[in-house]
Amino acid sequence: MKEITLDATIKNLGKITDFVNKELEKIGCPIKPMNQIDIVIDELFSNIAYYAYKPEVGPVTVTVDIEDNPICVIITFMDNGKPFNPLTVSEPDTHLNAEERKIGGLGIFLVKKTMDDVTYEFKDGKNILRIKKNVS
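This section reports on the structure supplied with the text. (Residues numbered from 1 in each chain as written. Predicted model: local features only at pLDDT ≥ 70, side-chain atom pairs only at ≥ 80, totals over all residues. Heavy atoms only, no water.)

**Thoughts on the pattern of salt bridges**
Under the criterion given, the structure shown has 3 salt bridges. Note that K26 is salt-bridged to E23, the shortest N-O span being 3.2 Å. Of this pair, K26 and E23 both sit in helix α1 (residues 13–26), separated by 3 residues, roughly a single helical turn. Close ionic contact of E121 with R130 constitutes a salt bridge, the shortest N to O distance being 3.5 Å. (Salt bridge = Lys/Arg side-chain N within 4 Å of Asp/Glu carboxyl O. Helix = DSSP H or I, 4+ residues; strand = E, 2+ residues; numbered from the N terminus.)

Below you can see the structure in the form of structure tokens.
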């Protein structure tokens, strides 16, 4: 397992993405799942940066685990911010056009649709969000 801890600020988004991509490159991750993971990192890390600690800034820890048979990547985001389970956000009505839709929720919807598994728990004062993607 590889781990990085940084302040949850938008300026650190690139560092988090680079950290994860280095691990994905080590296992020869194909470009399509890598791009999907990058989009999900952008969504999840941005949400933590904008909402978890506001108006303060706090840490976020991101871990990368690799499983075999099939090859899967598990990325965990942990923060000590306000408890928030993004999986309880109601799904947007994608049948409506953009002007008719409520603002918000589309990013989490995308996360749930592109990842093979997404879990959340609040434990020991931490938000713990895990995403899993089969990359083989």
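Still to come is the rest of the account.
**Observations concerning the environment of I10**
When you line up the elements, I10 lands in the loop between β1 (2–7) and α1. The exposure class of I10 is partly exposed, given its relative accessible area of 35%. Each C-alpha atom, one on I10 and one on D42, is 9.3 Å from the other, the two residues being 32 residues apart in sequence. When near neighbours in sequence (up to four residues on either side) are disregarded, I10 contacts S46, A49 and Y50. (Buried < 20%, exposed > 50% of the residue type's maximum accessible area, 1.4 Å probe, protein only. Contact = heavy atoms within 4.5 Å.)

**Some points on the pairing of strand β3 (residues 72–79)**
With respect to burial, β3 is a largely interior element, 7 of its 8 residues being buried. Two strands pair when backbone bridges link them, and strand β2 (residues 59–67) and β3 are joined in this way by 8 bridges, in the antiparallel orientation. Opposite D65, over in β3, you have I74 as the bridge partner. Bridging between β3 and strand β5 (residues 126–134) involves 8 bridges; their strand directions are antiparallel. (Pairing = 2+ DSSP bridges.)

**Concerning the packing of α1 against helix α2 (residues 31–52)**
Packing of α1 against α2 leaves a shortest axis separation of 10 Å and a crossing angle of 150 degrees. Considering the angle they form, α1 stands roughly antiparallel to α2. Along this stretch, α1 crosses α2, giving a crossing that reads as right-handed. For the pair formed by α1 and α2, the contact residues are L13, I16, T17, V20, N21, L24 and E25 on the first element and M34, I37, D38, I41, D42, F45 and S46 on the second. (Axes fitted to C-alpha atoms, helices over the stretch in contact; angles between N-to-C directions. Parallel < 35°, antiparallel > 145°, perpendicular 65-115°, else oblique. Left-handed = near helix turned anticlockwise from the far one by under 90°.)

**Here's the deal with unusual backbone geometry**
Cis geometry is found at the peptide bond from K54 to P55, where omega equals 5 degrees. Following the sequence through the fold, P55 ends up in the loop between α2 and β2. A cis amide bond links N69 with the next residue in sequence, P70, at an omega value of -5 degrees. Mapped onto the secondary structure, P70 falls in the loop between β2 and β3. One non-glycine residue, N69, lies in positive phi territory at about 55 degrees. Looking at the secondary structure, you find N69 in the loop between β2 and β3. The backbone of D124 shows a phi angle near 55 degrees, a positive value even though the residue is not glycine. Mapped onto the secondary structure, D124 falls in the loop between β4 (117–123) and β5. By relative accessible area, which is 69% here, D124 ends up exposed.

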